[in-house]
Amino acid sequence: MLRDQGAWCRLEAGDAFTVHVGWDQYVYVGSDRSCAGAVARTRELGLFPEPLTASPYAAESDEAEVTEPADAGFWTRVRTALASRHALLLEENHVRNAARRHRITPENLDTVRAGLGPRALLRVWPGLTPDVGAVLAALSDEEESVEFVWEAQDGTISHVIVDDTGTGHRELAARVADARAACVLPLSYDGHRPLLCAVLPDSDGVLRARW
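What counts and what doesn't
- Residues numbered from 1 in each chain as written.
- Predicted model: local features only at pLDDT ≥ 70, side-chain atom pairs only at ≥ 80, totals over all residues.
- Heavy atoms only, no water.
- Pairing = 2+ DSSP bridges.
- Helix = DSSP H or I, 4+ residues; strand = E, 2+ residues; numbered from the N terminus.
- Axes fitted to C-alpha atoms, helices over the stretch in contact; angles between N-to-C directions.
- Phe/Tyr/Trp six-rings, centres within 6.5 Å; stacked < 30°, edge-to-face > 60°.
- Buried < 20%, exposed > 50% of the residue type's maximum accessible area, 1.4 Å probe, protein only.
- 1 Å grid on protein atoms, 1.4 Å probe; cavity = no way out; pocket = protein on both sides within 12 Å on 5 of 7 lines; lining within 4 Å.
- Points joined across faces, edges and corners; volume = space filled by probe spheres on them.
- Nonpolar A, V, L, I, M, F, W, Y, C, P; charged D, E, K, R; others polar.

Visitor: Break down the sheet that holds strand S7 (residues 146-151) for me, citing the residues and quoting the values.
Guide: Strand pairing in a sheet relies on backbone hydrogen bonds, with the paired strands running either antiparallel or parallel. Strand order across the open sheet formed by 3 strands is S8-S7-S9, with antiparallel pairing between neighbours. The outermost strands of the open sheet, each flanked by one partner alone, are strand S8 (157-162) and strand S9 (181-186). Direction aside, neighbouring strands of the sheet carry axes that sit 20 degrees apart on average. Of the strand pairs in this sheet, S7 and S8 are connected by 6 bridges, and their pairing is antiparallel. Bridge pairing in S8 places Phe148 opposite Val160.

If you want it as structure tokens, here you go:
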């Protein structure tokens, strides 16, 4: 996060200890203890700790959170959806602003599931559309920024943001000329409605990640 590589998350141990990295590269450390020795040592190292009552990146009490665990019941619903659709798109967020996407089928679901990152946020979307040209054509009707997702011939799934300031339609068409399937996902909160959404619990079945 300090290298500003795009991924972001809150590092927290309950209410005892937290570390948040701001977009301005400031680090906000919270503790249920005074930590006077750590503060003094930080100053000795040439840094400038300042006391705050709360981190500006603390989770808001009214912030919507995903509370459903990706447990046996969740995967049963995924298999049920696959039975009628044959293929789906699984979005795996292992940290905020960083995602991997997998084309899942009844045959490869267990393999994909075994490779998911711990405590990841999972979203299940309808499958990619083989008619890439139709997906590209529909972009002209989009008035808001969207995410264009496509699958290359080797099975690799990539994505790019399409808007007035980002990738243009002509550039995108050339970039995905050999794609075998594609789809468009919304970026706005109101439009971001996956088929299923859950968070991977820890090995003991307890959901500790906060999304």
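Visitor: Could you give an account of the packing of aromatic side chains, naming the residues involved and the relevant values?
Guide: In the structure shown here, the tally under the stated rule is 5 aromatic pairs. With a centroid separation of 5.0 Å and 75 degrees between ring planes, the pair formed by Phe74 and Trp75 is classed as edge-to-face. The buried category is assigned to Trp75, whose relative accessible area is 3%. Taken together, the ring pairs in this structure connect Trp8, Trp23, Tyr28 and Tyr57 into an aromatic cluster.

Visitor: How would you summarise empty space enclosed by the protein if you had to cite specific residues and measurements?
Guide: The full count for this structure, using the stated rule, is 1 cavity of 30 Å³ or more. Approximately 50 Å³ is the volume attributed to the largest cavity. Along its surface, the largest cavity is lined by Met1, Asp4, Gln5, Gly6, Ala7, Trp8, Val21, Gly22, Trp23 and Gln25. Counted by class, the lining of the largest cavity contains 5 nonpolar, 4 polar and 1 charged residues.

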